Each structure stands twice: as C-alpha cells, then as structure tokens.
Amino acid sequence: MATVDLKDVRKTYPSGVEAVKGVSIAIHDKALCVLVGPSGCGKSTLLRMIAGLEAITDGAIAIEGKVVNAIGPAERDIAMVFQNYALYPHMSVYDNMAYGLRNRGTPRDEIDRRVRATAKTLELDHLLKRQPRELSGGQRQRVAMGRAIVRNPKVFLFDEPLSNLDAKLRGQMRVEIKNLQRALGVTSVYVTHDQLEAMTLADVLVVMNAGVVEQIGAPLDVYERPETTFVASFIGAPPMNLLPVAALPSSITSAAPAGAATLGFRPEDGTFSDHSEQSQLSLAAEVEGVEPVGAESFLYCRHADNRLILRASGRTTVEPGARLAVTIAPEKMHWFDGEGKRLS
Amino acid sequence: MAEPSMLPPASGHDKLMIGQSAAGIYLAHAVLILGVVIVAFPIYYTFVASTHTLQTILRPPLPLVPGSEAVANYSEALFGGIGRIGGVGVGTLLFNSTVTALGIALGKIVISILSAYAIVFYRFPLRMTFFWLIFITLMLPVEVRILPTYKVMVDLGLIDTYAGLIVPLIASATATLLFRQFFLTIPGELVEAARVDGAGPWKFFKDILLPLSRTNIAALFVILFIYGWTQYLWPLLVTNRNDMNTIVIALRKMISFADADTEWHLVMVTAILAILPPILVVVLMQRWFVRGLIETEK
Ligand SMILES: Nc1ncnc2c1ncn2[C@@H]1O[C@H](COP(=O)(O)OP(=O)(O)OP(=O)(O)O)[C@@H](O)[C@H]1O
Ligand SMILES: [Mg+2]
C-alpha cells in the first residue's frame with residue numbers, strides 16, 4: 001500500500017525563489033499521478049522533494065503513511081527516471097541496472113536474475129553488454145526505465161522522461177509506460193509539460209501554475225470542468241476559447257450566472273453556420289485562417305477584439321475572410337469570475 | 001615513403017592547410033623530418049658517445065657510429081658505481097628519481113582530485129575562499145617560497161629523505177583546477193541518480209567519478225611524472241648525500257670543470273639512462289594521454 005501524501009509542501013530556494021507555495025496532494029496506492037504545468041511552475045522541484053533530492057522548506061511528505069522529510073533518497077525506496085536519463089556513461093547496460101541493487105547488498109545471483117528479467121520485459125536482453133553511448137535515444141530511455149524497475153521500489157518518479165524522444169517514439173513509449181505501470185502496480189508520479197501526455201497517462205491529473213495546484217482530478221473531469229481559466233487554457237489542444245463577457249451579445253450573457261467575467265467554450269463545442277443565418281443567440285466571427293490537419297480542421301477566427309478557435313470535422317469549405325455565426329449550447333458554456341475561478 | 005594516397009582522408013579542418021597538393025605534402029614532410037633530425041641527432045650522438053671509451057671521446061673527432069664499449073660502459077655505470085659521486089651506481093640514481101617522480105605525480109593527483117571533489121560536490125562554509133586560496137598558490141611556485149620551505153624541511157629533519165624530495169612539490173593548483181573543470185561538466189542528474197541508487201559520497205567517488213576521470217588522470221600522470229623527473233632546484237637543495245641524489249642532480253655533479261677529471265663515457269651513459277624512463281612513460285601512456293587531452297567521455 002504505497003500511498004504518497006503531500007501536506008502543504010513548500011519550497012523556497014536559498015536564492016529566495018519561492019518555487020512551491022503550499023501543495024497538498026494525496027496519491028493513492030498504484031495510481032499514476034501526473035503533474036502538469038508550464039515551464040518554471042515548480043513541477044520538478046516538487047518531484048525532487050518527493051525523491052529526497054531537495055530539502056523541504058515547510059510541510060510534510062509521507063510515503064506509505066510514514067513522514068520521510070528527514071530521510072535520504074536511498075532510504076525512501078523510490079526510483080527516479082531523469083529527463084536526460086543520467087545513465088552511468090562508463091558502465092554497461094547490465095551494470096547500470098545492477099548498480100543500485102549492489103549498493104543495497106542484494107545477493108549476486110538475485111541481482112543477475114532480476115536484471116535479466118527486467119531486461120527481458122523491456123526488450124533489452126541483447127543490449128546488456130553495451131555502453132550507453134552505443135545506444136539510441138529510445139534504448140537509453142528503456143535502460144533508464146529498467147534501472148528504476150529492477151529495484152522494485154515503492155514509488156516511481158518520472159521527470160519528463162520522454163521529452164528527448166521524437167514524436168512517434170514518444171507516443172509509443174507513453175503507451176508502454178502506462179502498461180508497465182499498470183502491470184507492476186507501482187504508485188507513480190510523472191512530471192510533464194505536455195498536456196496530451198498528461199491527459200493520456202494520468203489516473204490523477206494535477207495542474208500546477210506558479211507553485212500552486214490549480215486543479216486535481218481525473219483527466220476527463222478536468223477537461224470537462226476546468227476550475228480556473230488557467231486550467232481551461234492549459235488543458236486541451238487547441239485550448240478553450242475565453243471571451244470577456246463585456247464583448248458578448250446580451251442574448252448570450254443573459255444565461256450567465258451573477259459575477260461572470262469570462263465565457264469559455266471548447267473549439268469543438270461551437271457550432272457554426274453561414275453569416276446569413278445570424279440569430280439572436282449566436283456570435284459573429286470572421287475567419288482569419290484555416291488549418292486542416294486531416295481528420296479535422298481548425299478555424300482561427302476573430303470576434304470583435306478577441307480571437308477564438310473552432311473545430312470542423314474533416315475537410316472544410318470555409319475560406320479565410322468568411323463570416324460565420326457561432327452558436328454554443330448553454331450546457332457547453334463555462335463561466336468564470338473576475339479572478340478566473342469557475343462559477344457554478 | 002608516405003605516398004599522398006596513404007594519408008588519412010582530409011577532415012574539414014585539414015582543408016584549411018596546404019596538405020592538399022602533392023608539393024605541399026612533400027614540403028610538410030621535409031619540414032617534419034628536418035625537425036626530427038634536429039631533435040634526435042644530439043640524442044643519437046650522446047648514445048654514440050656512451051659506447052666509446054673515455055680516450056676515444058676525449059680525442060676528437062668523435063666517431064659517428066656506435067663503438068664496442070657499450071656493455072662495458074653500461075655495466076660499469078649501473079653496477080660499478082661512479083667515482084665522482086662517491087661510487088654510487090646509476091641504478092640507485094634511477095631508483096631515487098623514479099620514487100621521486102612517481103611520488104610527486106601520484107601525490108599531486110591524489111591531493112588535487114580530492115580537493116576538486118570537495119570544492120565541486122560539497123557545500124561547506126568558506127568553500128569559495130578555499131578555492132581562491134588554492135588558485136592563488138598558482139602564483140607561488142617552489143622557487144618563490146624556497147627559503148621558508150627549506151627551513152621547514154630542515155626543522156622536520158627531512159633533508160636527504162624521499163619525503164623531503166616529494167612532499168613540498170605535491171600541492172598543485174593546476175591539477176586541482178583541471179579536475180574542477182572536469183567535475184563541473186558532470187551533469188547534476190548523474191550525481192542525483194547515484195544518490196537515488198544508494199551511492200554515498202565515497203562510493204560515488206570510487207564507482208563513478210574516478211572511472212570517468214581516468215583519461216584525465218592518465219594525461220596528468222604523464223605530465224606530472226616528467227615534471228617530477230626533471231626537477232632540479234629543489235632536489236639540489238634538499239639532498240646532500242650522494243646516494244639520495246636524483247639522476248638529474250648526479251649528472252650535474254659528475255661533470256667537473258677540469259675536463260680530464262670527468263668520466264665522459266659514464267656521463268653519457270647516465271644521460272641516456274636518464275632519458276629512458278620519461279620516454280617509456282610517454283610511449284606506454286600515449287594512447288591514454290591523447291584521449292585525455294582531446295576527449296571528454298559523457
Ligand atoms: N536550484 C535552484 N535554485 C534556485 N531556484 C531554482 C532552483 N531550481 C529551480 N529554481 C526555480 O524554481 C522554479 C521552479 O523550477 P522547476 O525546475 O521546479 O520548474 P519546472 O516546473 O520543472 O519547469 P520545467 O518544465 O521547465 O522543467 C523556477 O522559477 C526556477 O527558476
Ligand atoms: Mg522540470
């Protein structure tokens with residue numbers, strides 16, 4: 001039962017930078033928790049505090065219910081996969097995987113058994129004698145994973161492990177990581193700034209911004225009910241359209257709850273028709289650009305001074321310069337107050 | 001001799017040189033061969049002189065080909081002892097020089113790698129102060145601090161000992177800086193991976209830092225061994241007894257100002273023997289040496 005609990009965790013670097021400003025997350029056993037947020041929001045800092053590589057300024061981190069604030073990384077029984085893999089350059093793949101076990105005093109034959117078994121799962125068996133510099137990026141990534149798995153730790157920590165791979169390999173490894181994590185049933189914390197990676201991997205999605213947690217929830221819940229305008233614009237590609245209430249026709253704002261300052265709607269939730277069909281309940285928009293990506297097309301539009309993006313499935317006949325009438329079903333509208341907080 | 005076609009393919013860098021035309025290649029070789037002749041001829045001539053009797057050497061001109069006395073001269077120098085330095089054999093001198101040069105080279109490497117390790121990987125009070133202190137000693141070579149150092153050695157009773165020969169030359173700001181620069185290129189993630197893998201400070205040093213530094217260590221060893229081997233001023237001061245002299249000092253002592261007193265054939269033998277160990281070290285460690293200078297493994 002390896003749970004990870006963060007209680008009001010804070011980090012202020014000696015330089016005075018407040019990187020993490022009070023984060024509380026409860027990760028249950030066997031869950032894959034993804035921390036996502038823009039660059040510099042404190043994701044790595046938080047992960048490194050869980051690993052024990054960075055001292056905790058305030059708050060408490062507990063693994064399996066036991067507070068580990070004062071315990072070093074080796075004794076926390078965690079394993080970490082680093083962004084640049086951090087393989088030992090002078091050791092063979094085998095030794096890279098065996099090193100942690102040796103330091104723990106695991107018997108030699110057991111090390112051998114575990115390394116070979118792990119290598120087999122990751123299809124690394126034929127590479128065991130190679131040195132890291134003789135491997136491709138994807139293979140190095142696997143070795144880094146292997147080094148974590150072979151230790152059979154309580155918690156896996158991943159810091160953007162796929163960011164150095166090309167798009168195709170990244171997609172492939174993403175599926176593989178997910179399957180492995182399921183199969184091994186090891187509680188994991190995964191850091192990324194790629195919202196697609198976050199959405200597809202997470203059991204629990206934690207969206208961070210500027211050192212604080214904006215929202216925690218299941219990926220689709222977060223997508224469907226963003227709690228703040230930040231989450232709305234960060235999760236989803238292209239992001240949710242956000243329009244100031246002041247710019248909207250009164251027919252639409254009449255549906256708004258009291259105190260609403262911003263209307264949000266997903267690109268796929270705006271249905272559009274030709275300008276001539278403009279009605280009371282629609283927004284006038286002018287198309288500025290069309291981006292066909294195959295299965296769908298994105299229309300980059302302007303309403304008054306605000307930009308918005310619409311999604312059309314398949315090919316579209318709409319040309320730049322066209323004028324559209326955009327209609328949004330009331331249940332697809334998201335309302336936010338002046339501080340960016342969700343209303344109702 | 002070297003045909004143009006036997007040269008390795010020109011890298012991008014070579015294109016900047018004249019090595020593209022046949023004439024250029026011959027010119028380059030001519031210059032190199034001339035250089036080799038200028039450097040090698042005196043050494044060859046010393047060797048020739050070491051194989052003749054004293055009488056032959058003293059009666060010019062000295063022949064250009066080796067004589068018949070090689071075995072006699074070398075065994076006299078090595079095992080018979082040389083009169084002008086109190087009958088000490090060249091074997092003893094070689095031993096003294098080897099101990100001194102090895103001691104200086106290894107001592108410098110151990111001290112500097114440990115200081116660099118502390119400065120780069122530990123946070124302790126006055127860390128930068130220590131770094132600058134080490135850095136400043138670059139400006140204080142032995143020659144500058146020779147009197148106080150000599151006094152200390154006398155007070156400690158280290159005159160005519162190996163410790164006296166080695167210890168004052170061991171501290172090395174240059175080597176410390178070199179290791180520091182190398183350690184700074186080691187990614188922080190690697191250090192952290194080792195910590196997660198349960199490697200403490202000592203294990204990290206032994207299992208990761210040391211193997212990664214081995215080409216650097218080899219290159220430094222070559223440079224420092226030769227530095228130690230060719231020391232003159234300090235060994236001259238700190239050794240009085242003939243059997244504690246290094247070979248370089250003994251060589252100087254063997255030469256008298258009155259030509260007739262000098263056993264030139266033995267001087268030549270000693271000179272040749274004095275050159276051999278550094279050459280041996282360079283040849284044996286050449287591969288490592290070059291790798292250490294040009295390549296950083298990461
Ligand atoms: N060692 C450090 N000393 C001082 N400030 C630091 C240190 N490490 C990180 N910071 C600062 O803390 C903040 C959070 O950094 P962190 O590395 O956690 O961001 P991140 O969310 O992982 O970003 P990225 O996606 O770019 O990796 C940043 O403002 C960064 O400048
Ligand atoms: Mg980061």
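What counts, and at which threshold
- Residues numbered from 1 in each chain as written.
- Chains lettered and ligands numbered in written order.
- Predicted model: local features only at pLDDT ≥ 70, side-chain atom pairs only at ≥ 80, totals over all residues.
- Heavy atoms only, no water.
- UniProt positions renumbered as here; feature names shortened; annotations may be inferred.
- Helix = DSSP H or I, 4+ residues; strand = E, 2+ residues; numbered from the N terminus.
- Buried < 20%, exposed > 50% of the residue type's maximum accessible area, 1.4 Å probe, protein only.
- Contact = heavy atoms within 4.5 Å.
- Salt bridge = Lys/Arg side-chain N within 4 Å of Asp/Glu carboxyl O.
- Polar contact = N/O pair within 3.5 Å; in protein donor to acceptor, adjacent residues only side chain to side chain.
- Expected span 1.5 Å × (residues − 1).
- Near = heavy atom within 4 Å.
- Areas by Shrake-Rupley, 256 points an atom, 1.4 Å probe, with all protein chains shown as cover.
- Nonpolar A, V, L, I, M, F, W, Y, C, P; charged D, E, K, R; others polar.
- Domains from an automatic or database assignment.
- Buried area = accessible area lost by both parts, 1.4 Å probe.
- Core = buried A, V, L, I, M, F, W, Y, C linked by side-chain atoms within 4.5 Å.
- Pairing = 2+ DSSP bridges.
- Phe/Tyr/Trp six-rings, centres within 6.5 Å; stacked < 30°, edge-to-face > 60°.

In the annotation of an unreviewed UniProt entry, chain A is listed under the name Sn-glycerol-3-phosphate ABC transporter ATP-binding protein UgpC and assigned to Pseudaminobacter soli. The record in UniProt for chain A states the following under Sequence similarities (unreviewed entry): "Belongs to the ABC transporter superfamily." Among the UniProt annotations of chain A, the heading Subcellular location (unreviewed entry) holds the following wording: "Cell inner membrane".

K.L.:
Describe the overall build of chain B, and please don't skip the residues or the numbers.
P.N.:
Secondary structure summary: chain B contains 14 helices and zero strands in total. In sequence order, the secondary structure elements of chain B are arranged as α-α-α-α-α-α-α-α-α-α-α-α-α-α. Counting across all 298 residues of chain B, residues that qualify as buried make up 40%. Taking as baseline every contact in chain B between residues at least 6 positions apart, the subset at least 24 positions apart corresponds to 70%.

K.L.:
Give a detailed account of the interface of chain B and chain A, specifying residues and quantitative values.
P.N.:
Listed per partner, the contact involves 18 residues of chain B and 25 residues of chain A. Taken together, the connections running from chain B to chain A amount to two salt bridges. Where R48 of chain A meets E192 of chain B, a salt bridge forms, and the shortest distance between an N and an O atom there is 2.4 Å. Scanning the region where chain B abuts chain A turns up 11 residue pairs in polar contact (both at pLDDT 80 or more). Elements represented by at least two residues in the side of chain B that touches chain A include exactly α9 (188-196) and α10 (201-212) of chain B. Of all the elements, α9 of chain B adds the most residues to the side of chain B that touches chain A, at seven residues.

K.L.:
Quick one: what's the story with helix α1 (residues 22-49) of chain B, residue by residue and with numbers?
P.N.:
Taking 1.5 Å per residue as the helical rise, α1 of chain B with its 28 residues ought to reach 40 Å, and the 39 Å between its terminal C-alpha atoms agrees with that figure. Buried within α1 of chain B are the following residues: G24, I25, T46, V48 and A49 of chain B.

K.L.:
Pulling in residues and values, what's your account of the site of ligand 1?
P.N.:
Residues and elements named next belong to chain A. All residues in the neighbourhood of ligand 1 are listed as Y13, S15, V17, A19, S39, G40, C41, G42, K43, S44, T45 and E160. At a separation of 3.3 Å, an oxygen atom of ligand 1 approaches a polar side-chain atom of E160. Surface burial for ligand 1 is 61%, taken as the share of its 630 Å² of free accessible area covered by protein chains. Grouping the constituent residues of the shell around ligand 1 by class yields four nonpolar, six polar and two charged.

K.L.:
Would you mind going over the domain arrangement of chain A in detail, with residue names and values included?
P.N.:
Residue and element names in this part refer to chain A. With domains assigned, chain A is organised as domain 1 (4-229) and domain 2 (238-337). With centres defined by C-alpha atoms, the gap from domain 1 to domain 2 works out at 39 Å. Facing the six residues of domain 1 at the interface are seven residues of domain 2. Both faces considered, domain 1 and domain 2 share a buried interface measuring about 510 Å² in area, 61% of it formed by carbon and sulfur atoms. Considering only the side of domain 1, the residues that lose the most area to domain 2 are Y223, P226 and T229, jointly responsible for 86% of the buried surface there. Counting across the interface, domain 1 meets domain 2 through zero salt bridges. Summed over the shared surface of domain 1 and domain 2, the number is two residue pairs in polar contact (both at pLDDT 80 or more). The class makeup of the residues in the side of domain 1 that touches domain 2 is two nonpolar, two polar and two charged.

K.L.:
Provide a residue-level description of the nonpolar core, including the pertinent values.
P.N.:
Grouped together as the largest cluster of nonpolar side chains are 88 residues, with contacts concentrated most on L6, L46 and L157 of chain A together with F183 and I208 of chain B. Sort the elements by how many residues they give to this core and helix α4 (residues 90-121) of chain B lands first, with 10 residues. Setting aside residues up to four positions removed in sequence, I208 of chain B forms contacts with Y88, H90, M91 and Y99 of chain A together with L190, A194 and K203 of chain B.

K.L.:
Tell me about the pairing of strand β18 (residues 334-337) of chain A, residues and numbers included.
P.N.:
Both faces of the sheet carry side chains from a regular strand, because those side chains alternate between them. All names here are of chain A. Of the two faces of β18, both are covered, the one formed by H334 and F336 as well as the one formed by W335 and D337. Alignment of strand β12 (residues 260-265) against β18, held across four bridges, turns out to be antiparallel. Following the sheet pairing, G264 is matched in β18 by H334.

K.L.:
Tell me about the pairing of strand β7 (residues 155-159) of chain A, residues and numbers included.
P.N.:
Residue and element names in this part refer to chain A. In terms of residue burial, β7 counts as a mostly covered element, since five of its five residues are buried. Covered by surrounding structure in β7 are V155, L157 and D159 together with F156 and F158, the residues of both alternating faces. Note that strand β6 (residues 78-81) and β7 share four bridges and pair parallel. By the bridge assignment, I78 is partnered in β7 with V155. Of the pairings in the sheet, the one linking β7 to strand β8 (residues 187-192) comprises five bridges and is parallel in character. In the strand pairing of β8, F156 is matched with S188.

K.L.:
An account of the packing of aromatic side chains is requested, with residue identities and associated values reported.
P.N.:
Each aromatic ring pair is summarised here by two numbers: the centre-to-centre distance and the angle between the ring planes. All names here are of chain B. The final tally for this structure, using the stated rule, is 21 aromatic pairs over all chains. Measuring from ring centre to ring centre gives 5.8 Å for F225 and W229, while their planes differ by 25°; the resulting arrangement is stacked. Residue F225 and its partner W229 are located together in helix α11 (residues 214-229), separated by four residues, close to a single helical turn. Each member of the pair, F225 together with W229, is buried. An aromatic cluster of at least three residues, connected via ring pairs, comprises Y117, F121, Y122, F179, F182, F183, W202, F204 and F205.

K.L.:
Lay out the pattern of salt bridges with the relevant residues and their values.
P.N.:
Tallying each qualifying case throughout the model produces 20 salt bridges over all chains. The partner of K206 of chain B in a salt bridge is D207 of chain B, and the shortest N-O contact between them spans 3.2 Å. Among the ionic contacts, a cluster of salt bridges with common partners joins K11, R48 and E54 of chain A together with E192 of chain B.

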